[in-house]
Amino acid sequence: MELTQNHFELFGLPVNFDIDTQQLSERYRDLQRTVHPDRFANASDRERRLSVEKAAQINEAFQILKSPLNRARYMLQLRGVDFDNERDTHFDPMFLMEQIELREELSDVKSADDPVIALSKSMDDIGKRHKAMIDELAQLLENEDSTQEGKQAVQKLQFLNKLQQEAEAIEEELAGY
Amino acid sequence: MALLQISEPGQSTNPHEHRLAAGIDLGTTNSLVATVRSGLTETLPDSEGHHLLPSIVRYSQDREPVTGYDARAESSKDPLNTIISVKRFMGRGLEDIQKREKKLPYEFVETESAVPRIHTAGGDVSAVEVSSEILKILRQRAEDSLGGDLTGVVITVPAYFDDAQRQATKDAAKLAGLNVLRLLNEPTAAAVAYGLDQEAEGVIAVYDLGGGTFDISILRLNKGVFEVMATAGDTALGGDDFDQVVAEWIMRQAGISDDAHQNISHHQLRRLKHEACAAKEALTDSDSVSIKVELDDGSHWQGNLTREQFNELVEPLIQKTLMPCRRALRDAGIEAEEVKDVVMVGGSTRVPRVREKIADFFEREPLTDIDPDTVVAVGAALQADILAGNKPDDDMLLLDVIPLSLGLETMGSLVEKVIPRNTTIPVAKAQDFTTFKDGQTAMSIHVLQGERELVSDCRSLGRFALHGIPPMVAGAARIRITFQVDADGLLSVTAREQTTGVESGIEVKPSYGLTDTEIETMLRDSLEHAEEDVDARNLREQQVEADRVLEALEAALADDGELLNSEERAPIDQAAVELKLKRDSGDHRAIKKALDDLDKAAEIFVSRRMDTNIQKALSGHSVDEFSE
């Protein structure tokens, strides 16, 4: 396992957005069976430290590969897209309008007659947009040259993710957690 | 099946010898020790046949502390010196304890250290020391029963324990002279015991309501891999709270008003809790129970509590467990109906109302046929047996998660999450920081654990002071801080300045934990007590370590020696010979040095071997294809 290996190579998979999740999980388990610290409970300190490092690296790679958003972002990074510079973000008016609507729908939840039903509708709407966005992203990633469009799609997806998290926070609040 | 092998202390071990290992369930109310013997997993009894050890320690002047049933017998008479449910104080500060626990019958003493102490006739003791007394008894029990020193133990902790609580548990084990192979989450331990027994596959939920803590874990079981998908809980919710609401009900019925609580004696409070607990237990099988308590003025109160009334009293508490269940399901990304089995663990799941509510929530009858008191210790013993190396070909693997998010304090007293909750461990995350001032050589970071946004709403784990940053203009330094959570769920922090590669020194000030010096002092004190020499102990530890390392190396070389050419191999063999010589030198420092040298010499071999095994795992899926 060299540092130059990317996460896909680490799992012996082709660099592809369309991923066999079953195979990914199987490889993950096989790799952890080999490197996990439980396998080195009686080994030397060095081996134990190394095992913690490798297991953490495999966990990290797995987290990135199994989430469509993280996977897409990672693939774009491999293609040289820099996500640190967020200033060049311009969203189309359609997307912004839609965001405002989704956001308003969510913020009205607490004052609704039945907040639970209102929240569940809001979460559904966000979820639908989320799914559509992932499909769009999958399309974009097939073309090596659409890196800028891809970057924008990833950023849109991050917006939707944030909305989803806020909706979940409201859900916990409504449940009194 | 080979007969139990008994080894003399100090005798060197051979690779196929059975190593003595045990699993310990260090519970709020009761503790247990279990082991795998001749292929059977069993909990170990004391000389009177009791398997459970009440987690109670009584301190007195001029006498060794008394633990277990004997301590419990005196707890009402001597409440101030008899410490019960000490697990609730582990890794907590005084303010924290007093905020969470109402009406505690102890005298807490604030000390210079972050760890509060309880004043007793036997001196002021910390929760870590009290817990170590319980562990010492269990260690003795295991060693007597197995006829030798324990190689190592697996100790279980609530999945929802934070870093400070885990560290405190590990410290207690160290004080008790135990080698901790792993801290294992209680619901995961239960899942192992259940899963191996039933050969279960698929998604299961473990609902663990103990004496003082509550956990819910969702796991996926797949061909021997136990993968925790999510966990949630409450480390201050359990059977104790059920007793408390019943005790309060009795007080109201007996006309002792809530306002007068302060005036009720500690003895009275203990008696009330005893009666409340007995009533709760009786209501598992009966519809109604009669209660009689002696009051402080010598009079008696007598009354009846029906199961229906009891259900009403505990309803809010059970309700409180459902929210973590919801969160765990969501974090796991599954719906309740996808859960194949619900495993009930912990004594409090005997309460019929708890079972009913859980059946409603998961829309299926929970499994109650396993013993909720022993299943955790049994799971821990199974894991200990594997970690000790007694089952080299076993495929079992536990993949657990961090229960609470780890974060850093940022501007405006806000917390920025670095590692989100339910991330699989071990995990490492790096974060880059820079300096604000020209020539700045030090900086401080504040690490927190919790889900909330404000620093004041999260739990402070510690402050790390970085020093030795090379002086540069403001903003030029790039300090990469790496947070690593190991397989025990414990955090460590390292820092390196990226442009110069200078490793920064880190000074840790734990918010609630003991410092290394404090532990060392406690260790010395307890050894003085036992009239054992610290040097002798160090020597013994280094010898055990030398044996372990030599044996592991021998096995590794036998398997993968072909990865080295003779030139690469020579220094390793030489260092191993040196270590063998030093092992019997009687000088623990010399052994330590030889161990370090061997470790260095084997560096290439170790990493080459790891990489080769990873390649094998990927391409082969079975090791057989690679053996000639």
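Rules used in this analysis
- Residues numbered from 1 in each chain as written.
- Chains lettered and ligands numbered in written order.
- Predicted model: local features only at pLDDT ≥ 70, side-chain atom pairs only at ≥ 80, totals over all residues.
- Heavy atoms only, no water.
- Helix = DSSP H or I, 4+ residues; strand = E, 2+ residues; numbered from the N terminus.
- Rg over C-alpha atoms; globule rule 2.2 N^0.38 Å.
- Buried < 20%, exposed > 50% of the residue type's maximum accessible area, 1.4 Å probe, protein only.
- Contact = heavy atoms within 4.5 Å.
- Areas by Shrake-Rupley, 256 points an atom, 1.4 Å probe, with all protein chains shown as cover.
- Lys, Arg positive; Asp, Glu negative; His and termini not counted.
- Charge placed at Lys NZ, Arg CZ, Asp CG, Glu CD.
- Buried area = accessible area lost by both parts, 1.4 Å probe.
- Salt bridge = Lys/Arg side-chain N within 4 Å of Asp/Glu carboxyl O.
- Polar contact = N/O pair within 3.5 Å; in protein donor to acceptor, adjacent residues only side chain to side chain.
- Nonpolar A, V, L, I, M, F, W, Y, C, P; charged D, E, K, R; others polar.
- Domains from an automatic or database assignment.
- Pairing = 2+ DSSP bridges.
- Axes fitted to C-alpha atoms, helices over the stretch in contact; angles between N-to-C directions.
- Parallel < 35°, antiparallel > 145°, perpendicular 65-115°, else oblique.
- Left-handed = near helix turned anticlockwise from the far one by under 90°.
- Phe/Tyr/Trp six-rings, centres within 6.5 Å; stacked < 30°, edge-to-face > 60°.
- Lys NZ or Arg CZ within 6 Å of the ring centre and 35° of its normal.
- pLDDT = per-residue confidence, 0-100.
- Patch = residues over 30% accessible without salt bridge, like charges linked within 9 Å, V, L, I, M, F, W, Y side chains within 5 Å.
- Expected span 1.5 Å × (residues − 1).

S.K.: Is there a simple way to think about the overall build of chain A in this case?
M.R.: Along chain A, the regular secondary structure elements total seven helices and zero strands. Starting at the N terminus and walking to the C terminus, you meet the elements of chain A as α-α-α-α-α-α-α. Its C-alpha radius of gyration of 20 Å places chain A more than 25% over the 16 Å reference for a compact globule of 177 residues. Dimensions of chain A along its principal axes, counting C-alpha atoms only, are 60 × 45 × 30 Å. For chain A, the proportion of its 177 residues judged to be buried stands at 45%. In chain A, of all internal contacts separated by at least 6 residues, the share reaching a separation of at least 24 is 66%. When the accessible surface of chain A is split by element, carbon and sulfur atoms take 49% of a total near 9400 Å². Each charge sign in chain A was given a centre, from 22 positive and 36 negative side chains, and these centres are 6 Å apart.

S.K.: What is the right way to read the interface of chain B and chain A from this model?
M.R.: Interfaces are frequently sized by the accessible area removed from exposure as the parts join. Taken together, the 52 residues of chain B in the interface contact 46 residues of chain A. Contact between chain B and chain A buries roughly 4200 Å² in total, counting both sides, with carbon and sulfur atoms accounting for 53%. Taken together, chain B and chain A are joined by nine salt bridges. Here Lys-54 of chain A makes a salt bridge to Asp-611 of chain B, at a shortest N to O gap of 3.2 Å. At the junction of chain B and chain A, the tally comes to 15 residue pairs in polar contact (both at pLDDT 80 or more). Going through the elements one at a time, strand 15 (225–234), helix 8 (307–332), helix 10 (375–387), strand 19 (397–399), strand 22 (427–433), helix 12 (534–560), helix 14 (588–601) and helix 15 (603–620) of chain B are the ones with two or more residues in the side of chain B that touches chain A. Residue composition of the side of chain B that touches chain A, grouped by class: 23 nonpolar, 11 polar and 18 charged.

S.K.: What am I meant to see in the domain arrangement of chain A here?
M.R.: Taken as a whole, chain A is organised into domain 1 (7–66) and domain 2 (93–175). Taking only C-alpha atoms into account, the centre of domain 1 of chain A sits 31 Å from that of domain 2 of chain A.

S.K.: It is not clear to me how the pairing of strand 10 (residues 123–126) of chain B should be interpreted in this structure. Could you clarify?
M.R.: Along a regular strand, successive side chains alternate from one face of the sheet to the other. Residues and elements named next belong to chain B. Pairing of strand 9 (residues 117–120) with strand 10, which is carried by four bridges, proceeds in the antiparallel orientation. Looking at strand 10, one finds that Arg-117 is bridged to Ser-126. In this structure, the hairpin formed by strand 9 and strand 10 is closed by a connection of two residues.

S.K.: Is there a simple way to think about the sheet that holds strand 25 (residues 479–485) of chain B in this case?
M.R.: In a beta sheet, neighbouring strands pair by backbone hydrogen bonds and run either parallel or antiparallel. Residues and elements named next belong to chain B. Strand order in this open sheet of three strands is 22-25-26, and the pairing throughout is antiparallel. Of all strands in the sheet, those bounded by a partner on one side alone are strand 22 and strand 26 (491–497). Put simply, the sheet's adjacent strands are angled 20° from each other on average, direction ignored. When strand 22 meets strand 25, the two strands line up antiparallel, connected through seven bridges. Counterpart to Val-427 in the pairing with strand 25 is Val-485.

S.K.: Which parts of the structure should I look at to understand the packing of helix 5 (residues 93–107) of chain A against helix 6 (residues 115–142) of chain A?
M.R.: Two measures define how a pair of helices packs: the angle their axes make with one another and the distance between the axes. All names here are of chain A. Following both chains from N to C, one finds helix 5 and helix 6 inclined at 155°, their axes separated by 9 Å at the closest point. Between helix 5 and helix 6, the angle is such that the two are roughly antiparallel. Read as a crossing pair, helix 5 and helix 6 show a hand that is left-handed. Together, Glu-98, Leu-102, Glu-105 and Leu-106 of helix 5 and Leu-119, Lys-121, Ser-122, Asp-125, Ile-126 and Arg-129 of helix 6 make up the contact between the two elements. The residue makeup of the contact of helix 5 with helix 6, split by class, is four nonpolar, one polar and five charged.

S.K.: Looking at this structure, how should I read the sheet that holds strand 7 (residues 82–84) of chain B?
M.R.: Residue and element names in this part refer to chain B. Strand order in the open sheet formed by three strands is 6-5-7, with antiparallel pairing between adjacent strands. Of all strands in the sheet, those with a lone pairing partner are strand 6 (63–67) and strand 7, marking the two edges. Strand-to-strand twist in this sheet, taken as the mean axis angle between neighbours without regard to direction, amounts to 20°. The strands touched by helix 3 (residues 127–146) within the sheet are strand 5 (56–60), strand 6 and strand 7, with strand 5 carrying the most contacts at an inclination of about 110°.

S.K.: What's the story with the packing of aromatic side chains in this structure? I'm lost.
M.R.: We describe a pair of aromatic rings using the distance from one ring centre to the other and the angle between the two ring planes. Per the stated rule, a full pass over the model turns up 10 aromatic pairs over all chains. A centroid spacing of 6.3 Å and a plane angle of 20° characterise the contact between Phe-11 of chain A and Phe-62 of chain A, whose relative ring orientation is stacked. Linking Phe-11 of chain A in the loop between helix 1 (7–10) and helix 2 (21–35) with Phe-62 of chain A in helix 3 (residues 45–66), this pair joins segments that are 51 residues apart in sequence. Look at Phe-11 of chain A and you get buried, because its relative accessible area is 0%. Here the aromatic rings of Tyr-106 of chain B and Phe-108 of chain B are separated by 6.4 Å at their centres, their planes lie at 90°, and the arrangement is edge-to-face. Of the two residues examined, Tyr-106 of chain B and Phe-108 of chain B, each falls in the buried class. Here the basic side chain of Arg-71 of chain A rests over the ring of Phe-17 of chain A, its NZ or CZ set 4.7 Å away from the ring centre.

S.K.: When you look at the confidence of the model for chain B in this model, what are you seeing that I'm missing?
M.R.: All names here are of chain B. With 91% of its residues at a pLDDT of 70 or more, chain B shows a mean pLDDT of 86. Confidence drops under a pLDDT of 50 for residues 1–15, and excluding neighbours within four residues, the segment shows 23 contacts in the predicted structure. pLDDT under 50 marks residues 621–628. Its contacts with residues more than four places away, or in other chains, come to seven contacts. Complex prediction metrics read pTM 0.86 and ipTM 0.86.

S.K.: Just checking my understanding: could you explain the environment of Val-427 of chain B for this structure?
M.R.: Structurally, Val-427 of chain B can be placed in strand 22. C-alpha of Val-427 of chain B to C-alpha of Gly-489 of chain B: the two residues are 62 residues apart in sequence and 9.3 Å apart in space.

S.K.: Would you mind showing me how to read a negative patch on the surface here?
M.R.: Taken together, the side chains of Glu-335, Glu-337, Glu-338, Asp-360, Glu-363 and Glu-365 of chain B make up a negatively charged region of the molecular surface. Here Glu-365 of chain B shows up in the loop between helix 9 (352–362) and helix 10.

S.K.: Would you explain the side chain of Gln-543 of chain B in this entry?
M.R.: All names here are of chain B. In this fold, Gln-543 is placed in helix 12. Engagement of the side chain of Gln-543 in a polar contact is seen with the backbone oxygen of Arg-583, the distance being 3.3 Å. Those residues within four positions of Gln-543 in sequence are excluded, and the remaining contacts are Arg-583 and Ile-591.

S.K.: How should I be thinking about helix 7 (residues 266–282) of chain B in this particular structure?
M.R.: The α-helix winds at 3.6 residues per turn, so residues separated by three or four positions along the chain end up facing the same way. Residue and element names in this part refer to chain B. The end-to-end C-alpha distance of helix 7, which contains 17 residues, comes to 24 Å, matching closely the 24 Å that a straight helix rising 1.5 Å per residue would cover. Every buried residue of helix 7 is listed here: Gln-268, Leu-269, Arg-270, Leu-272, Ala-276, Ala-279 and Lys-280. On its buried face, helix 7 sits against strand 7, helix 6 (239–253), strand 16 (288–294) and helix 8.

S.K.: Would you mind going over the pattern of salt bridges with me for this structure?
M.R.: Two side chains with opposite charge may pair up if their charged atoms get near one another. In total, this model carries 57 salt bridges over all chains according to the counting rule given. In this structure, the salt-bridge partner of Asp-395 of chain B is Arg-33 of chain A, at a minimum N-O distance of 3.7 Å. Of this pair, Asp-395 of chain B sits in the loop between helix 10 and strand 19 while Arg-33 of chain A sits in helix 2, which puts the two residues in different chains. Here Asp-395 of chain B falls in the partly exposed class, since its relative accessible area comes to 45%. Given the relative accessible area of 17%, Arg-33 of chain A is considered buried. Note that Asp-559 of chain B is salt-bridged to Arg-609 of chain B, the shortest N-O span being 4.0 Å. One end of the pair, Asp-559 of chain B, is in helix 12; the other, Arg-609 of chain B, is in helix 15, with 50 residues separating them in the sequence. With a relative accessible area of 51%, Asp-559 of chain B lands in the exposed category. Through salt bridges with shared partners, one network takes in Glu-47 of chain A together with Asp-559, Asp-560, Arg-609 and Lys-616 of chain B.

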